[in-house]
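Inside the fold
Listed below, chain by chain, are the residues.
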Amino acid sequence: MAIFEVIHPGIFTTIQDLGRKGYQKYGLAVSGAADHYACRMANLLVANPDKSAVLEVTLFGLKLKARTPAVIAITGGDLTPTVNEKPVPMWTSINVSEGDVIHLKGTRSGCRAYLAAAGGIDVPIFLGSRSTDTVGKVGGIEGRSLKKGDVLNIGTPSADARSGRRLSTSLIPEYPKEVDVRVILGPQADAFTSKGMETFLSSDYKVSTKLDRMACRLEGLEVEHVDSADIASEGNFLGAVQIPKNGLPIVFNVGRRSVGGYTKIAGVITVDLPKLAQVKPGDTVRFHQVELSDAHRWLREQERTFKILQSALRGG
Amino acid sequence: MKFRYQPAGDQSILVEVSRQDDEETNAKIRSLSKLVEEEQVSGFGETILGYRTLLVTYDPLQLTFAEAVRKLKSLEREMKEVELPKTRVIEIPIVYGGENGPDLEAVAEHNQLTPQEVITIHSSPEYLVYFLGFTPGFPFLGGMSEKLATPRLSNPRVSIPGGSVGIAEGQTGIYPVKSPGGWRLIGRTPLALYDPGKANPFLLEAGDYVKFKPIRQREFESIVHEVETGEYEPVISVKGGNGHF
């Protein structure tokens, strides 16, 4: 079994999988990787099952020492990964040897990188998931972000795990400083004036410094309500764009609270959520309205790609 | 009113059950939630209860929005048959005032009552748990007397100890874990509403009632000890009749 030791935890590194489902009605967040696409690709490259746990590394600083050999892959935001100070390719499975030091120095593009190790990070499963929830203080290691000296045990790799697997360039996303995300309007679209709706769909919004796994808060022109920004508290969904009284959009991510009492103008479609998971303070976000049937078609196309890659993996 | 079904993003449906927040609406929302989860319709995921709504997640790879709505409408027709579990009343021991309830006197003063009157009024009703949310195990309670309504603090506290019981406008609630907050604190319970170390980490469920029982500081300490050692058994009774509507 492979083992990594945390030499430096970086500013915020957590253990995540695809989330803890079924407990939002008790107020427990779903958690999981903020960027599902990059997380799933990292697992795929090292031949892990889709639900294996990986490291989610924010912006910069993580330094790990391999105490044993392992096969790893790093995807997501380009945080300048090196092994023993030498640059290593991303979106590619690579071997690390005993004593190697893996370092994610700092962001060149994107906000969050995912480091998967063949076999998956082995921490106890809590309510169906290994995901770290720092609010509920569960999952990962003691429900917290990594700290210096933590030891990460890796599970048993699949027989298909090997180095040298590389994702086709066409499947590797870019993480520009300006992103266009597509939304489905509702459920409270009628709480906004037509001027407010136009502002929302035609303005450039800047990502504020208050950015975390709970939400991406935006700054820019205020979206005008008809009268009130308050609603009776109701379930909050992934990608929900909430507009409170100050008129500034907040887009909810995996760490969001399960209920909220402010109007939601729209929801970001699933295939575009990774773009928002990779923005940084100061980046620009624009919203575009699309139809639900199109959003579902794009999601099916993306799933087909995952299926094809998974079967190719088993074929060799 | 007929239920209203709306897309909420591309993986959820918001079912608006009523335009009012009342106990009957809450029973309907709980029934629909139970049906969605128990029928195990393939393609449906989890549900989140609100005051007037149920949010149902679905997998668009298995169901279109129209198909999901059709299935929910057929469940809506079955709702009358749903037997809700017998209603539990959970006793919440609470120390009012002092360092555990630093705003008790302010709440009394605001409402021209004595602190003892606030305690009597607050500990009299059985409060319905409409749903849990916000933070793990946080109950949204209904049924507080209007005589106790008090505005939130203009300057929220940075840290409130877990178990604190507060008032915000016409609502009362219990903070399960240490968190910041602006509610007026009138007391504190030694019970853990959220304990991730337990197989079932949540003390309360939507549809439960809670009844506050005033206790003294000494009893508080001994219950804290029993909770820590796992000896404490919550006092639970069954409310008259069942929750069938």
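Criteria and thresholds
- Throughout this document, residue positions are counted from 1 along each chain, in the order its sequence is written.
- Chains carry letters from A onward and ligands carry numbers from 1 onward, assigned in written order.
- Confidence filtering applies because this is a predicted model: local features only for residues at pLDDT of at least 70, side-chain atom pairs given and counted only at 80 or more, and all residues used for totals across whole chains, interfaces and linings.
- The basis for every side-chain value is the complete set of non-hydrogen atoms in the structure, without hydrogens or water.
- Pairing between strands requires that DSSP locate at least two bridges from one strand to the other.
- Note on conventions: DSSP H or I runs of at least 4 residues are helices, E runs of at least 2 residues are strands, and numbering of each starts at the N terminus.
- Helix axes use the C-alpha atoms of the stretch in contact, all axes being lines fitted to C-alpha atoms, and the angles between their N-to-C directions lie in the range 0 to 180 degrees.
- In this description, contact between two residues means that some pair of their heavy atoms is separated by no more than 4.5 Å.
- A helix is expected to span 1.5 Å multiplied by its residue count minus one.
- Exposed residues in this analysis have more than 50% of their type's maximum accessible area, buried residues have under 20%, and partly exposed residues fall in between, with area computed by a 1.4 Å probe over protein chains only.
- Taken from the helix axis, the directions to the C-beta atoms give the arc we talk about.

Details of the sheet that holds strand S10 (residues 109-117) of chain A
Residue and element names in this part refer to chain A. The five strands are arranged S2-S3-S10-S5-S8 in an open sheet whose pairing can be described as antiparallel. Each edge of the open sheet is held by one strand with a lone partner, namely strand S2 (13-16) and strand S8 (93-96). Looking at each pair of strands side by side, their axes are set apart by 30 degrees on average, direction ignored. Here strand S5 (residues 70-78) pairs with S8 via four bridges, running antiparallel. Its bridge partner being in S8, Val71 is matched across the sheet by Asn95. Against the sheet, helix H1 (residues 36-45) makes contact with strand S3 (54-58), S5, S8 and S10, and its axis sits at roughly 155 degrees relative to S5, the strand it touches most.

A word on helix H2 (residues 65-78) of chain B
Residues and elements named next belong to chain B. Here H2 spans 20 Å end to end across 14 residues, near enough to the 20 Å set by a 1.5 Å rise per residue. Every buried residue of H2 is accounted for by Phe65, Ala68, Val69, Leu72 and Leu75. The arc enclosing the buried residues of H2, seen along the axis, measures out at 120 degrees, which places them on a common side. Exposed residues lying more than 90 degrees from the buried face of H2 are Arg70 and Arg77.

Some points on the sheet that holds strand S1 (residues 4-8) of chain B
Residue and element names in this part refer to chain B. Strands sit in the order S1-S2-S4-S3 across an open sheet of four strands; the sheet is antiparallel. Since the sheet does not close on itself, it has two edges, and those belong to S1 and strand S3 (44-49), each with one partner. The mean inter-strand angle of the sheet, taken between neighbouring strand axes irrespective of direction, is 25 degrees. Where S1 and strand S2 (residues 12-16) come together, five bridges link them in antiparallel fashion. In the strand pairing of S2, Ala8 is matched with Ser12. On top of the sheet, helix H1 (residues 23-39) reaches S2, S3 and strand S4 (53-58); it is set at about 160 degrees to S3, its chief contact. Across the sheet, H2 lies against S1, S2, S3 and S4, angled at about 145 degrees from S1, the strand it touches most.

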